[in-house]
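# Observations on the model geometry
Chain by chain, the residues:
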Amino acid sequence: MKRRPRRVLITGAAGFLGSHLAETLLARGEEVVGMDNFITGRVENIDHLFKSDRFTFIKQDVTNFIHVPGPLDAVLHFASPASPIDYALYPIPTLKVGALGTHKALGLAKEKGAVFMLASTSETYGDPLVNPQPESYWGNVNPIGPRGVYDEAKRFAEAMTMAYHRYHGMPVRIVRIFNTYGPRMRREDGRAVPNFITQALAGKPLTVYGDGSQTRSLCYVSDLVDGILRLLDSKSTGPVNIGNPHELTILQIAEAIKRLTKSKSRIVRKPLPTDDPKVRRPDITLAKKLLGWSPKVPVEVGLRRTIAYFKAGC
Ligand code: UDP
């Protein structure tokens, strides 16, 4: 017998990750209700989804009471500014969407009897004192620094999600997302990959902050979406890291982008932002064991696809 499509609400559906998730769920035959207030989301990211009669959209700020008519099988809470530049520009909305928005989205999921998934982050580990970071690590976060608005909101969101699970017996999932890149990142969002690509393509200097020895581990967006959807379909309550353990220095990432774009740009140094984590690499033992997941797209392949997207003028 053919099963009825699942009806999934995605908050932040017009954002980088939200729009890729929506697209993949629709391709799998599910129904998607998208929600976004367009602070950092963009209508261009979801324009093409309106062709599907299984896609609907509600423009709303998720920090206010949310009403979604009809049943929901899952609520995916992905709304939030997500780059250091964005959370410096929108510190209070960032705190509100992680705290109040998570509360509203949990309340809605409870009302509908839906599974709730929180988009959490490797930032819950702060400037980590262990590398790679397993889910059992409690982190090293400066609560009052400029990144604290994001880190602490997400840590609160995890606490709130676990409280709903324990107190109301709700099924919940928490995905700790590590640095992800790919098409639909905004060129002006200030993160390393879009910055370096736009700078390299424009023949401008690539701005490496600090001495470039700090590390990040880049996960291509299709790998991330695959991991997230496996987690949604699992029975796993506690946080699960999803990211690519291939750790590179920021200087190596800048050099790779310079090479792949065949750019003549120089690499220049700029001051390191406050509380910039020195290392970051996911321990994905749990994701491998629980979900049978590991990333497939090598960084060079993913970077080429992302460069093609930026070259196309998006
Ligand atoms: N970074 C950089 N140049 C840029 C943008 C970022 O050197 O133009 C560095 C930043 O200081 C950090 C790393 O790249 O060490 C990753 O920064 P991003 O904003 O992409 O994400 P984060 O992992 O810090 O949230």
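Described below are features of the structure shown in this document. (Residues numbered from 1 in each chain as written. Predicted model: local features only at pLDDT ≥ 70, side-chain atom pairs only at ≥ 80, totals over all residues. Heavy atoms only, no water.)

### What to know about helix H5 (residues 192-201)
For an α-helix, the turn length of 3.6 residues means that residues three or four places apart are oriented alike. For H5, the tally of buried residues reaches 8 of 10 residues, placing the bulk of the element in the interior. Residues of H5 that are buried: Val-193, Pro-194, Asn-195, Phe-196, Ile-197, Thr-198, Gln-199 and Ala-200. Check the buried side of H5 and you find it contacts strand S7 (180-181), strand S8 (206-209), helix H7 (250-260) and helix H9 (299-311). Positive backbone phi, approximately 70°, marks Gly-203, located one or two places after H5. (Buried < 20%, exposed > 50% of the residue type's maximum accessible area, 1.4 Å probe, protein only. Helix = DSSP H or I, 4+ residues; strand = E, 2+ residues; numbered from the N terminus. Contact = heavy atoms within 4.5 Å.)

### Some words on helix H6 (residues 221-233)
For H6, with 13 residues, the first-to-last C-alpha span of 19 Å sits near the 18 Å given by 1.5 Å per residue. Among all positions in H6, only Val-221, Asp-223, Leu-224, Val-225, Gly-227, Ile-228, Leu-229, Leu-231 and Leu-232 are buried. (Expected span 1.5 Å × (residues − 1).)

### Looking at the pattern of salt bridges
A pair can form between side chains of opposite charge whenever their charged atoms are brought close. Here the structure, examined in full by the defined rule, presents 19 salt bridges. Note that Arg-7 is salt-bridged to Glu-31, the shortest N-O span being 3.3 Å. With Arg-7 in strand S1 (residues 7-11) and Glu-31 in strand S2 (residues 31-36), this pair connects stretches of sequence that are 24 residues apart. For Arg-7, a relative accessible area of 15% gives the class buried. Residue classification places Glu-31 among the partly exposed positions, given a relative accessible area of 28%. Each of Glu-123, Arg-147, Arg-216, Asp-276 and Arg-280 takes part in a single network of salt bridges with overlapping partners. (Salt bridge = Lys/Arg side-chain N within 4 Å of Asp/Glu carboxyl O.)

### Observations concerning the sheet that holds strand S11 (residues 239-242)
Strands sit in the order S3-S2-S1-S4-S5-S6-S11 across an open sheet of 7 strands; the sheet is parallel. Looking at which strands have only one partner, the edges of the open sheet turn out to be strand S3 (55-59) and S11. Each adjacent strand pair in this sheet contributes to an overall mean axis angle of 20°, direction not counted. Here 4 bridges tie strand S6 (residues 172-177) to S11, and the two strands are oriented parallel to one another. Looking across to S11, one finds that Arg-176 is bridged to Asn-241. (Pairing = 2+ DSSP bridges. Axes fitted to C-alpha atoms, helices over the stretch in contact; angles between N-to-C directions.)

### Some thoughts on the nonpolar core
If you look at the biggest cluster of nonpolar residues, it comprises 59 residues, and the most contacted ones within it are Ile-10, Leu-76, Phe-78 and Ile-228. The greatest single-element share of this core, amounting to 7 residues, is contributed by H6. Counting residues in hydrophobic clusters, the runner-up holds 24 residues, among them Leu-9, Val-33, Ala-79 and Ala-109. (Core = buried A, V, L, I, M, F, W, Y, C linked by side-chain atoms within 4.5 Å.)

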